[in-house]
Amino acid sequence: METKVENTQKKQYNRLWPLYGNGLENFGVNNAPAVQPLPALSPGELLVRNDACGLCFSDIKVINQGQSHPRIIHDMQSQPVVLGHEVCFTVVDTADGINPKYNIGDRLTLQSDIVVGGVEKAFGYVYQGGLSQFNLISQEIINSDNGDMLIPLPEGMGYAEAALIEPWACVEAAYRLNYRNHIKPKGNLWIIGGKQSTYVDFTRAIAQNTPANIFYSHIPDRQRNALSKLAKQQEIQLIPIKEITEIEDDFIDDIILLAPDRRMIEESCSKLAYGGIMAICDMPLLERQPRIDVGRIHYQRWSFISGQSPDLAQLYAESAFSSELKPAGTAWFAGAGGPFGRIHVQRAIQLEHPPSLIVCTEIDHFRLEKLKQDFSDETQRKGIDFVCLNPHDPVLDKPKLQSYQQQGFDNIILLALDLDLATECSQSLASNGVLNLFAGIKIGSKTSLDLPGLTSKHTHFIGHSGSKIEDMRSVIQRWRKGQIDINRAVAAVGSLEAAKDGYQAMIDKTFPGKVVIYPNIKPFPLTGLPELKHILPSVYDKLSPMGSWTNAAEAEFLYILQNKEETE
């Protein structure tokens, strides 16, 4: 049976979950979805039926923060948010039956980060999201600042698979990150001297990539004279800075520190712009490591480099690295038991050249055992040393983890919102190791990172948030080639009525994987896949041998729960 539902007729109404403010008590109307008339179509718009919607922890942040969430740009009381950015849908109507790009019956997903006129209007935040039966796709989405945000789906892809392209793409993007290894051309450069500044030659670095402005503070006379000469040659504005307060926050693209002290590192960090680089020349011995805003490493792509080369251009060039997992290397997934952690682990295992050692740590016993159960056989077949540890076990697991930490890891992926763990991870990198701060630790969260390791071990700290449309297309391409099984991320399913229970389950960490909501089926409670054995045995029988969701199980599920209500 095909997973695809052929019926593209629409109902006379639309059921959806509005969020009026922070807290689950403000989710829905009388603890249920609201009922509204179908919206009227304008020329060029699409009416789509939402076929599946994945629940994301980013939704929980909106539920917790309500109006204060940075992506909410309108009044939630008068214009409630309809969550759901992990979505797939089918076109059921177009204005006058005509759209130049899409036809009735087309199956689509979308990149949710939509920018219109320079304003971010994310799907599921500003635009109505997937926790509704039907949606309007406006011309703004099709003709956004970055082009068409809709993505046609390949034949044979299931609804859950299509909805989970987005979280898979977020994981994929974490290994496709590129960082500058030169001064930003036409940017703002700030050079700050320390008490015992050594001479660094900026000539080649600035000549190759000329900034618009050079700010300088407390640098030796020899350094200042060389900069003055260089600025005249390159027609660069040279600006002295006496106090750090003279520089605006988020303004500097490159900060060059010459033998800085801890305070200098901490105070100047806040001046880094999005994608900013702090280059520490001649890293001193510090009694206490500086506290760094790890939220900005994640959300604003800050990076830190350090070395002892007297040539700044060479120091930058030597900072180049790959964000992909090292083939046959050692990888630690810290906090691996949740939905995103499991996708990271599955991706690592299914790489053409996977790590030789994968260590997964998780403090939740159920999630840890599920990792072992779901991935041990596959890693054994592939010859991967797969180790699952609970760091709160002081007798067996913690000493074993410490042994691996002493050896050092080539790649560490932080998946837990834990500042102390971020510090521990930074200290556990091997030579040329990369720490990916994948967990969305909020901006303003500071902790000590192993900055001396940037010089002594050539390590790197990176982070990222979200994905681009190219990452989503990459996931589809890997699916076409049979390289990934997206359905393995599914842990529980339910109808639109089950969405609130789904969010509560995420808060309670009830399921190890993703919750997928099917908005256009009969009412069906939130159900973990193992429970289907007793509730819908014919669906359970079509799960994979390891108990994972499949397109065949989805097709049987949809067949049983087809909504028989009258259509227009």
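Residue numbers restart at each chain and count upward from 1, following the sequence in its written direction. Note on the predicted model: pLDDT of at least 70 is required for a residue's local features to be given, and 80 or more for side-chain atom pairs to be given and counted; whole-chain, interface and lining totals, by contrast, use all residues. Think of the side-chain values as coming from all heavy atoms in the structure, minus any hydrogens and water.

**A short note on the sheet that holds strand S11 (residues 213-217)**
Phase 1: By this definition, two strands are paired if DSSP reports at least two bridges between them. Numbered from the N terminus, helices here are DSSP runs of H or I no shorter than four residues, and strands are runs of E no shorter than two. Read from one edge of the open sheet, six strands run S12-S11-S10-S13-S14-S16, paired in parallel fashion. Edge positions in the sheet fall to strand S12 (237-240) and strand S16 (303-307), since each of these pairs with one other strand and no more. Strand-to-strand twist of the sheet, defined as the mean angle between neighbouring strand axes without regard to direction, takes the value 20°.
Phase 2: Looking at chain direction, strand S10 (residues 188-193) and S11 are connected through five bridges and run parallel. Opposite Trp 190, over in S11, you have Phe 215 as the bridge partner.
Phase 3: Lying over the sheet, helix H7 (residues 262-269) contacts S10, strand S13 (252-258), strand S14 (272-281) and S16, oriented at roughly 165° with respect to S14. Here the axes come from fitting lines to C-alpha atoms, over the contacting stretch only for helices, and the angles between their N-to-C directions go from 0 to 180 degrees. In this description, contact between two residues means that some pair of their heavy atoms is separated by no more than 4.5 Å.

**Examining the pattern of salt bridges**
Phase 1: Every case where a carboxyl oxygen of Asp or Glu lies within 4 Å of a side-chain nitrogen of Lys or Arg is listed as a salt bridge. For the structure shown, the criterion picks out 26 salt bridges.
Phase 2: For the salt bridge of Lys 514 with Glu 86, the shortest nitrogen-to-oxygen distance reads 2.9 Å. Here the residue Lys 514 occupies a position in strand S25 (residues 514-518), and Glu 86 occupies one in strand S4 (residues 86-94), the gap between them amounting to 428 residues. Neither residue differs from the other here; Lys 514 and Glu 86 are each classed as buried.
Phase 3: Between Arg 204 and Asp 311 there is a salt bridge; the shortest N-O distance is 2.6 Å. One end of the pair, Arg 204, is in helix H5 (residues 203-208); the other, Asp 311, is in the loop between S16 and helix H9 (312-317), with 107 residues separating them in the sequence.
Phase 4: A cluster of three or more residues bridged by salt bridges with shared partners is formed by Glu 172, Glu 324, Arg 347 and Arg 478. Burial classes follow relative accessibility: with a 1.4 Å probe on protein chains only, a residue under 20% of its type's maximum area counts as buried, one over 50% as exposed, and anything between as partly exposed.

Nothing here speaks to function; it is geometry throughout.
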